[in-house]
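Residues per chain, in single letters:
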Amino acid sequence: MDSALKQLYQTLTADQVSPEEITTVIEAINGFVAAALYQDLIAVLSDADIKQLEEVKNEAEAKQLAGVLYANKTGETAQDLATKLTEQAAQGFLTRYNQDKPAALAQPVVK
């Protein structure tokens, strides 16, 4: 578990936030990270790269190819980017949570 995400979990657990609310927060962060990854991937890949991905019939192979193409163009793996985005989102949530707990829980990720 990423350190900010672990800290988030520990903080919410210590504050006796319900497991359902903790799950909602983590799902919101994961959704944000997935959307940001997709956006970054589309921004980095060329039309030819995207066409090449569309021609791959197996989803697992397409994901692997997308990762290779992304790493070749950025020098960073998609997993590295996901970890960085998760850390940022979790830290952002914690900052807002420490300022206004009800508002942070109501909207875990500010876009």
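Residues numbered from 1 in each chain as written. Predicted model: local features only at pLDDT ≥ 70, side-chain atom pairs only at ≥ 80, totals over all residues. Heavy atoms only, no water.

Asks: Summarise the overall build of the protein; cite the residues concerned and give the values.
Replies: Tallying secondary structure elements over the protein gives 6 helices and 0 strands in all. The linear arrangement of helices and strands in the protein, starting from the amino end, is α-α-α-α-α-α. On C-alpha atoms alone, the protein measures out to a radius of gyration of 17 Å, which is more than a quarter above the 13 Å that the 2.2 N^0.38 rule sets for 111 residues. Based on the C-alpha atoms only, the size of the protein along its principal axes is roughly 50 × 25 × 20 Å. In the protein, buried positions account for 29% of the 111 residues. Long-range pairs, those at least 24 residues apart, make up 62% of the contacts in the protein between residues at least 6 apart in sequence. As presented, the protein carries roughly 7,100 Å² of accessible surface, and 52% of it is formed by carbon and sulfur atoms. (Helix = DSSP H or I, 4+ residues; strand = E, 2+ residues; numbered from the N terminus. Rg over C-alpha atoms; globule rule 2.2 N^0.38 Å. Buried < 20%, exposed > 50% of the residue type's maximum accessible area, 1.4 Å probe, protein only. Contact = heavy atoms within 4.5 Å. Areas by Shrake-Rupley, 256 points an atom, 1.4 Å probe, with all protein chains shown as cover.)

Asks: Any chance you could break down the environment of E61 for me, citing the residues and the numbers?
Replies: Residue position: E61 is located in helix α4 (residues 59–74). Judged by its relative accessible area of 46%, E61 falls in the partly exposed class. Put simply, E61 and L12 are 49 residues apart on the chain and 38 Å apart in space, counted from C-alpha to C-alpha.

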